[in-house]
Amino acid sequence: MRRALPWILGALGVVAVAALWELYKWLGPADGVVLGATAGQAGSGFRILPRTGDLNMPHVWDMFERLAAGNGPGTPPLWLSVLAAMGVTLGCAALGLALGLVVGFALALLMQRSRIVEWGVLPWVIVSQTVPLIAFAPIIARIGSQIDRGGFPWPGWLSVAVIASYLAFFPVAVGALRGLRSPDAIHVDLLRSYGAGYGQTLRKLRLPASVPYLLPALRLAAASAVVGAVVAEVSIGMPGGLGRMIIQFAQSASADPALPYGPVFGAVVVGLLAAGSVALLGLVLRNYRRGEAVA
Amino acid sequence: MRFETKEALAAVPAVRAVGVEKTFGKRAKAVGALSGIDLEIAAGEFVSLIGPSGCGKSTLMRLLADLDQPTAGTVEIYGRTPRQARLGQEYGIAFQQAGLLPWRTVVQNIALPLELHGVSYAERAERAQRLAEMVGLADFMDRPPDQLSGGMQQRVAIARALAEQPRLLLMDEPFGALDEMTRERMQGELARIVGQSGAAVVFVTHSIPEAVFLSDRVVVMSPRPGRITAVVDTPFGRDRPETLREEPAFFAKVTEVREALHGVPVERANER
Ligand SMILES: Nc1ncnc2c1ncn2[C@@H]1O[C@H](COP(=O)(O)OP(=O)(O)O)[C@@H](O)[C@H]1O
Ligand SMILES: [Mg+2]
């Protein structure tokens, strides 16, 4: 029962969002809510709540019905193309997460080893995250195409993965550094008294002790990698993934309002898959998540 | 045994400290933690260090363990440098906190030093289990530390310190965090365990009766700078029954240590 509770609450949350959507659609004003509009002047003021018509807010069940239908007679159903796009995006995000994990962990190991390195590197790690992804993505794509011309093939998905890793490495670096620093002085002294070197101290003490810090960092990194992959697909214009699909479908939304919600649901599922795999990892590593022994 | 004969074993002291000084910090901020420490502890001898907080007991312990280096003077452990002794596993160490790794079970914690030194799985399992039995934790071998009481955790830490069968045990207030009843029981067990192992012990404590009950000698220290002010012999032999705590000879030694600690005879202080 204790185990099931989060799942039940999660499912209830999803239902509540759908219910709220339908409730507003049913009760809300047809023209939405606009603040500070000048009378008689169309498009003035701020719309803080959307119009409730089927064009702007399709019914939840319409969205799902649309998933089952194809783009015309003889074409495969929408959910199949969404699934394929999910595969592409998930692949890019996973690769990005793996890259971010390696880079973030390597940085954390270097910073843990030497305060000088930490002082030199940590500010840049933090500054890196203030560069907007939108500005950054085309640069990566351009560097990639230059490498491509240099003789090595540089596919678009690699650019997407690198951009995703740019978001993912940050929480890993910060979380891993804290985790690697987390052992008590008494534990470090103890390992030293056994004559354990750097490698042994790392394997037997610092790595296991960093698990409770790494898991939340990984959860954040996984979500960031998915967001990064979707945004990167859009910004470098890579076809095949969810990002481009959402943009494409949004353009035909006036004729087919439920259409863009297909890839949006796809993105949600990819995010859940990413978070779910981290949760699974946490289950595997649960032994390392025990609190410090209380004396 | 690592030594050929009993005589050779007796000849080399377990600990020899000559003119040891330890200063923390530089110049104006310098803190004299230890000054002019001369101490010799024979193989198999149990010596307690007692004194008020800040008199350098832990610092001295850390110098013996090569967790810190003296500013001046020399330290030898069985005729070798502390560093050699540390790398050669000459000593086992236990602190006030048990310091168990929370993700390891009781036996895995006890086996940690063995694991680090490449002892085979079968042998370390066997040894760790025997040690767990010796400290009375046979029923808790596969429990994680967070399911043990403070006293049990401390027993695991002691078993871990004994895992490599060291010839020297360094213990820094190992019972400091325990309640009085658990503490007295643990003292009895420690006396028994140490008696079996034949190791020399350096034991830091705040408790005078504890020092007298356990030790062959009690070393009294005073602070600022930390130095040795008195050494009280407590020759009650190897076997120390609980009834020793009730004997007049025991009380006499407790009084002697207390007087040495406070620097004045206690009776006279009371008469005034
Ligand atoms: N790492 C350190 N840095 C600076 N001063 C220290 C350090 N360790 C101990 N000291 C100082 O050395 C003195 C002795 O400390 P310590 O050996 O811990 O005393 P005890 O264990 O007898 O209570 C104290 O004044 C303490 O403040
Ligand atoms: Mg101390």
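Everything numeric in this text was worked out from a predicted model, so none of it was measured. Along each chain, numbering runs from 1 in the same order as the chain's sequence is written. To read the labels, note that chains go from A and ligands from 1, taken in the order they are written. pLDDT decides what is reported in this predicted model: residues at 70 or higher carry local features, side-chain atom pairs at 80 or more are listed and counted, and totals for whole chains, interfaces and linings draw on all residues regardless. Excluded from the side-chain calculations are hydrogens and water; all other atoms, namely the structure's heavy atoms, are used.

Caption draft 1: Just helix H5 (residues 121–134) of chain B, in detail. Taking 1.5 Å of rise per residue, 14 residues should cover 20 Å, and H5 of chain B covers 20 Å from first to last C-alpha, within 8% of that figure. Each helix corresponds to a stretch of at least 4 residues labelled H or I by DSSP, and each strand to a stretch of at least 2 residues labelled E; elements are numbered beginning at the N terminus. Once H5 of chain B ends, the next one or two residues include Gly-136 of chain B, with phi positive near 75°. A helix's residues, less one, multiplied by 1.5 Å, set its expected span.

Caption draft 2: Main features of the interface of chain A and chain B. In this description, contact between two residues means that some pair of their heavy atoms is separated by no more than 4.5 Å. The partner chain B presents 29 residues to the 23 residues of chain A that form the contact. Just to be clear on terms, a salt bridge is a Lys or Arg side-chain nitrogen sitting within 4 Å of an Asp or Glu carboxyl oxygen. Our count for the contact surface shared by chain A and chain B stands at 3 salt bridges. Among the salt bridges present, the one from Lys-204 of chain A reaches Glu-115 of chain B, with a minimum N-O distance of 2.5 Å. Each polar contact in these results corresponds to two N or O atoms within 3.5 Å; when the atoms are within protein, one needs to be able to donate a hydrogen and the other to accept it, and residues that are neighboring in sequence are counted only if both atoms are side-chain atoms. In this structure, the connection of chain A to chain B is made through 10 residue pairs in polar contact (both at pLDDT 80 or more). Breaking the side of chain A that touches chain B down by element, the ones donating at least two residues are helix H7 (185–193) and helix H8 (198–236) of chain A. Split by residue class, the side of chain A that touches chain B holds 12 nonpolar, 6 polar and 5 charged. Note on residue categories: nonpolar means Ala, Val, Leu, Ile, Met, Phe, Trp, Tyr, Cys or Pro, charged means Asp, Glu, Lys or Arg, and polar means any other residue, Gly included.

Caption draft 3: Examining the environment of Leu-214 of chain B more closely. Residue and element names in this part refer to chain B. Secondary-structure assignment places Leu-214 in helix H8 (residues 208–214). We call a residue buried when its accessible area falls under 20% of the maximum for its residue type, exposed when it is over 50%, and partly exposed in between, using a 1.4 Å probe and counting protein chains only. Residue classification places Leu-214 among the buried residues on the basis of a relative accessible area of 5%. Apart from residues no more than four positions distant in its own chain, Leu-214 is found in contact with Phe-46, Gln-187, Leu-190, Ala-191, Phe-203 and Arg-240.

Caption draft 4: Quick peek at the pattern of salt bridges. Across all of its chains, the model carries 20 salt bridges over all chains by this definition. Across the salt bridge formed by Glu-210 of chain B and Arg-183 of chain B, the nearest N and O atoms sit 2.8 Å from each other. Pair noted here: Glu-210 of chain B is in helix H8 and Arg-183 of chain B is in helix H7 (residues 180–197), with a separation of 27 residues, a long-range link. Per residue, the accessibility class of Glu-210 of chain B equals that of Arg-183 of chain B, and both read buried. Several salt bridges converge on common partners, so that one network encompasses Asp-189 of chain A together with Lys-22, Arg-62 and Asp-68 of chain B.

Caption draft 5: Here's a closer look at the site of ligand 1. All names here are of chain B. Put simply, a residue is near a molecule or strand once any heavy atom of it comes within 4 Å of that molecule or strand. Inspection of the region around ligand 1 gives Phe-24, Val-31, Ala-33, Ser-53, Gly-54, Cys-55, Gly-56, Lys-57, Ser-58 and Thr-59 as its neighbouring residues. With respect to ligand 1, the backbone of Gly-56 contributes an N or O atom lying 3.1 Å from an oxygen atom. Separating an oxygen atom of ligand 1 from a side-chain N or O atom of Thr-59 is a distance of 2.5 Å. At the level of elements, strand E2 (31–41) and helix H2 (57–64) are the ones that each hand at least two residues to the shell around ligand 1. Sort the elements by how many residues they give to the shell around ligand 1 and H2 lands first, with 3 residues.

Caption draft 6: Examining the nonpolar core more closely. To qualify as a nonpolar core, a set must consist of buried Ala, Val, Leu, Ile, Met, Phe, Trp, Tyr and Cys residues joined through side-chain atoms within 4.5 Å. Counting residues in each nonpolar core, the largest one holds 50 residues, and the members touching the most others are Ile-110, Met-171, Leu-190, Phe-203 and Val-257 of chain B. It is helix H6 (residues 150–162) of chain B that provides the largest number of residues to this core, a total of 7 residues. Among the nonpolar cores identified, the runner-up in size contains 44 residues, and Val-82, Tyr-166, Ala-176 and Ala-225 of chain A belong to it.

Caption draft 7: Quick look at the sheet that holds strand E5 (residues 91–94) of chain B. Residues and elements named next belong to chain B. One open sheet holds the 6 strands; their spatial order is E5-E6-E7-E3-E8-E9, and the pairing between them is mixed. A strand with exactly one partner marks an edge of an open sheet, and here the two such strands are E5 and strand E9 (227–233). Along the sheet, successive strands turn relative to each other by an average axial angle of 15°, direction set aside. Strands are labelled as partners when DSSP assigns at least two bridges between them. In terms of strand pairing, E5 meets strand E6 (residues 168–172) through 4 bridges, oriented parallel. In the sheet register, Ile-93 faces E6, and the bridge partner there is Leu-170. With axes taken as lines fitted to C-alpha atoms, and helix axes fitted only over the stretch in contact, angles between N-to-C directions fall between 0 and 180 degrees. Along the sheet, H7 contacts strand E3 (46–50), E6 and strand E7 (200–205); its crossing angle with E7, the most-contacted strand, is approximately 165°.

Caption draft 8: Layout of the confidence of the model for chain B. All names here are of chain B. Confidence scores labelled pLDDT are given residue by residue by the predictor and lie between 0 and 100. Per-residue pLDDT for chain B has a mean of 85; in total, 93% of the residues score no lower than 70. Considering only residues more than four positions removed or in separate chains, one finds that residues 268–272, a stretch of pLDDT under 50, has 0 contacts. ipTM for the predicted complex: 0.85, alongside a pTM of 0.82.

Caption draft 9: Just the sheet that holds E2 of chain B, in detail. Residues and elements named next belong to chain B. Taken together, 3 strands build an open sheet; the order of strands is E2-E1-E4 and the sheet is antiparallel. Every other strand in the sheet has two partners, leaving E2 and strand E4 (72–77) as the edge strands with one partner each. Neighbouring strand axes in the sheet, compared pairwise and without regard to direction, differ in orientation by 20° on average. As defined by bridge partners, strand E1 (residues 15–24) adjoins E2 across 7 bridges and the pair is classed as antiparallel. Bridge pairing in E2 places Thr-23 opposite Gly-32. Lying on the sheet, H2 is in contact with E1, E2 and E4; it crosses E2 at an angle near 60°.

Caption draft 10: Just empty space enclosed by the protein, in detail. Using a 1 Å grid laid over the protein atoms alone, points where a 1.4 Å probe fits but cannot get out form a cavity; open sets with protein on both sides within 12 Å along at least 5 of 7 lines form a pocket; any residue with an atom within 4 Å of a point counts as lining. Grid points are joined across faces, edges and corners, and a volume is the space filled by probe spheres set on the points. In total, this model carries 4 cavities of 30 Å³ or more according to the counting rule given. The computed volume of the largest cavity comes to approximately 60 Å³. Lining the largest cavity, in full, are Phe-46, Ala-191, Val-194, Leu-214, Asp-216, Gly-237, Arg-238 and Arg-240 of chain B. Across the lining of the largest cavity, the residue classes tally to 4 nonpolar, 1 polar and 3 charged. Estimates place the volume of the second largest cavity at around 50 Å³. Lining the second largest cavity, in full, are Tyr-194 of chain A together with Gln-89, Tyr-91, Gly-92, Ile-93, Pro-113, Arg-160, Ala-161 and Glu-164 of chain B. Those elements that place two or more of their residues in the lining of the second largest cavity are E5 and H6 of chain B. Here the lining of the second largest cavity takes 3 residues from E5 of chain B, the largest share from any one element.

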